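Take a look at the letters that make up each chain.
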Amino acid sequence: MYCILKIKGGNRAALIIAAILLAAAILVSILVPEQEAALDTSAGAGACTLVIDPGHGGIDGGATAADGTKESDINLAIALKLRALAEFYGQDNAMTRQDDSSMSPTDSYSEHEDLVNRAGLVNSAENPVLISIHQNCYPTGQPSGPQVIYSTSGSSEGFGLLTHQNLISSLYPDNRRVAEPASSKIYVLNHVSCPAILVECGFMSNLSDMSKLADGDYQTALSAVLMASFLQYKNGAANI
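A short tour of the structure in this document, coming up. Values in this document were obtained by computation on a predicted structure and should not be read as measured data.

Reading guide: rules and limits
- Residues numbered from 1 in each chain as written.
- Predicted model: local features only at pLDDT ≥ 70, side-chain atom pairs only at ≥ 80, totals over all residues.
- Heavy atoms only, no water.
- Helix = DSSP H or I, 4+ residues; strand = E, 2+ residues; numbered from the N terminus.
- Expected span 1.5 Å × (residues − 1).
- Buried < 20%, exposed > 50% of the residue type's maximum accessible area, 1.4 Å probe, protein only.
- Contact = heavy atoms within 4.5 Å.
- Polar contact = N/O pair within 3.5 Å; in protein donor to acceptor, adjacent residues only side chain to side chain.
- Phe/Tyr/Trp six-rings, centres within 6.5 Å; stacked < 30°, edge-to-face > 60°.
- Pairing = 2+ DSSP bridges.
- Right-handed = clockwise from strand over helix to strand, strands pointing away.
- Axes fitted to C-alpha atoms, helices over the stretch in contact; angles between N-to-C directions.
- Parallel < 35°, antiparallel > 145°, perpendicular 65-115°, else oblique.
- Left-handed = near helix turned anticlockwise from the far one by under 90°.
- Nonpolar A, V, L, I, M, F, W, Y, C, P; charged D, E, K, R; others polar.

### Description of helix α4 (residues 156-171)
Phase 1 of the analysis: In a regular helix each residue adds 1.5 Å, so 16 residues correspond to 22 Å; α4 covers 22 Å between its end C-alpha atoms and thus fits that length.
Phase 2 of the analysis: Where α4 is concerned, the buried positions are Ser156, Gly158, Phe159, Gly160, Leu162, Thr163, His164, Asn166, Leu167, Ile168 and Leu171.
Phase 3 of the analysis: The elements touched by buried residues of α4 are β3 (128-136), β4 (147-150), β6 (196-203) and α7 (216-234).

### Side note on the side chain of Asp53
Phase 1 of the analysis: Positionally, Asp53 belongs in strand β1 (residues 49-54).
Phase 2 of the analysis: Of note is the side chain of Asp53, whose polar atom sits 2.7 Å from the side chain of Ser132.
Phase 3 of the analysis: Excluding anything up to four places from it in sequence, Asp53 contacts Thr96, Arg118, Leu130, Ile131, Ser132 and Ile133.

### As for the packing of aromatic side chains
Phase 1 of the analysis: Applying the stated criterion to the full structure yields two aromatic pairs.
Phase 2 of the analysis: With centroids separated by 4.6 Å and ring planes inclined at 25°, the aromatic side chains of Phe159 and Tyr233 adopt a geometry described as stacked. Highlighted residues: Phe159 in helix α4 and Tyr233 in helix α7, separated in sequence by 74 residues.

### As for the pairing of β4
Phase 1 of the analysis: Residue alternation in β4 divides its side chains into two sets, Gln147 and Ile149 and Val148 and Tyr150, and both sets are buried.
Phase 2 of the analysis: Two strands pair when backbone bridges link them, and β4 and β6 are joined in this way by four bridges, in the antiparallel orientation. When the bridges of β6 are listed, Val148 appears paired with Val199.
Phase 3 of the analysis: Of the crossover connections in this fold, the one passing from β4 over α4 to the parallel strand β5 (residues 180-181) is right-handed.

### Observations regarding the packing of helix α2 (residues 71-88) against α7
Phase 1 of the analysis: It is the contact of α2 with α7, at a shortest axis distance of 8 Å, that shows an interaxial angle of 50°. In terms of axis orientation, α2 runs oblique to α7. The handedness of the crossing between α2 and α7 is right-handed. Counting all contacts with α2, which are made through Ala77, Ile78, Lys81, Leu82, Leu85 and Ala86, the residues of α7 involved are Gly216, Gln219, Thr220, Leu222, Ser223, Ala224, Leu226 and Met227.
Phase 2 of the analysis: Its residues assigned to classes, the contact of α2 with α7 shows nine nonpolar, four polar and one charged.

This is the structure we're talking about:
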């Protein structure tokens, strides 16, 4: 969805942001049908906190694309758009980082400490639901498309399957990747006591995926699908 705005001065940025939020909100409304009553989930049918975790950050840039783009920057861009949508919907939320930083001191950076602190922040939130945002990478350029990995506890599986299906049907209909349970190597998903998913939005090693992931409009679409999936889950659509 595109909007042509003829505006002047400092109002331009605010109106563009409003238009983007409106477009994303319309996409969310399409994906989330009205329901007569919310059903119970382990997240609770009432108040909960959407915890948004942009993977990596600071000295840890994560995967790197052929053009030098860092995974951590793409993760953060999508996460900030997701937070904007959460604010738009009045959804309580928290982020593990809001800039290019880590949760471990730069001068003594420890990946383990960073992950421990991320999990601690999630667990300290009130009735949390976690979406951790990452990008995939592979030695060759063939693999493509998004994939959701879910915690093996609680209703995470239903949340993960729902989110994966929404991503595939809305953004990547020809993709055959499937949602998977988290292995023991994924620290955050195995050390939080709440519904939790990790979203690999695409492959930075695939040129077609990378052109999408670096595009602001596609990032907005990704965030809208994630927000829609969260709202569906919160309203009981992912009960299994």
